[in-house]
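Analysis of the macromolecular model
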Amino acid sequence: MPGIGGPAPTDGSVSLHLVTAAIFALGFGVTGFLAQGRFSAAAITVRWAAAAVFTPLALLVALYARIAHLDRSIPFAILAVLLAAAFGAATEMLTRREERPGQPIAVALFATGTLGALALALTFSLEKGWLSIALALMSMGTAWISVRRPIPFMRTMAAILAPS
């Protein structure tokens, strides 16, 4: 019924969706990264790290479903790779900081976000049915990272995100 509850969510322009999602993703991502090391309670820094990682990933998936209709999309794959690079840089910066409460979990969250964004890039760029291969590559990436950078909680995060 038109007029009740406002316009339909699919009536808006694509660029409005992209700009709004970019603002929220940058806002949560940057704020969540900058919150690391600023609080004495580990729970607060972990929550901000989780928001910094999962908000941009969730927005990227929602935009992909809305705009690309779950079909192959190279532009979304490129966005996912850029997001993975940002999460990877955040992981490296956090590993070089002095030890703070909640930092090991935050580092694991950002590292897992890197792998998740890379898995999304593979999913977005490959034809349908390749999701299981992308997730398998993500678990191989987790194993490689755990050998190169022994990040506490990384195996726990990988187990939480692993498909059952």
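Scope of this entry: the structure provided in the associated data block. By convention here, each chain's residues receive numbers from 1 onward along its written sequence. Whole-chain, interface and lining totals are the exception, using all residues; otherwise, since this is a predicted model, local features are given only for residues with pLDDT of at least 70 and side-chain atom pairs are given and counted only at 80 or more. The side-chain values count all of the structure's non-hydrogen atoms but skip hydrogen atoms and water molecules.

This part covers the packing of aromatic side chains. Classification of ring pairs rests on two measures: the distance between centres of Phe, Tyr or Trp rings, Trp counted by its six-membered ring, which must be within 6.5 Å, and the angle between planes, read as stacked under 30 degrees, edge-to-face over 60 and tilted in between. Scanning the model with the defined rule gives five aromatic pairs in all. Summarising the aromatic geometry, the rings of F76 and F124 are spaced 6.2 Å apart at their centres and angled 75 degrees between planes, so their arrangement reads as edge-to-face. Of the two residues, F76 is situated in helix α3 (residues 74-96) and F124 in helix α4 (residues 103-125); the sequence distance between them amounts to 48 residues. Neither F76 nor F124 differs from the other in exposure class; each is buried. Secondary structure elements are defined from DSSP: runs of H or I of at least 4 residues count as helices, runs of E of at least 2 residues count as strands, and each element is numbered from the N terminus. Exposure is judged per residue with a 1.4 Å probe applied to protein chains only, and the accessible area is read against the type maximum: over 50% gives exposed, under 20% gives buried, and values in between give partly exposed.

Moving on, we come to empty space enclosed by the protein. Using a 1 Å grid laid over the protein atoms alone, points where a 1.4 Å probe fits but cannot get out form a cavity; open sets with protein on both sides within 12 Å along at least 5 of 7 lines form a pocket; any residue with an atom within 4 Å of a point counts as lining. Grid points are joined across faces, edges and corners, and a volume is the space filled by probe spheres set on the points. Summed over the entire model, instances satisfying the criterion amount to one cavity of 30 Å³ or more. One number sums up the size of the largest cavity: a volume of about 50 Å³. Along its surface, the largest cavity is lined by Q36, G37, L94, R97, R100, P101 and Q103. Note that Gly is not counted as nonpolar here; it falls among the polar residues with everything else outside the nonpolar set of Ala, Val, Leu, Ile, Met, Phe, Trp, Tyr, Cys and Pro and the charged set of Asp, Glu, Lys and Arg. Looking at the lining of the largest cavity, its residues break down into two nonpolar, three polar and two charged.

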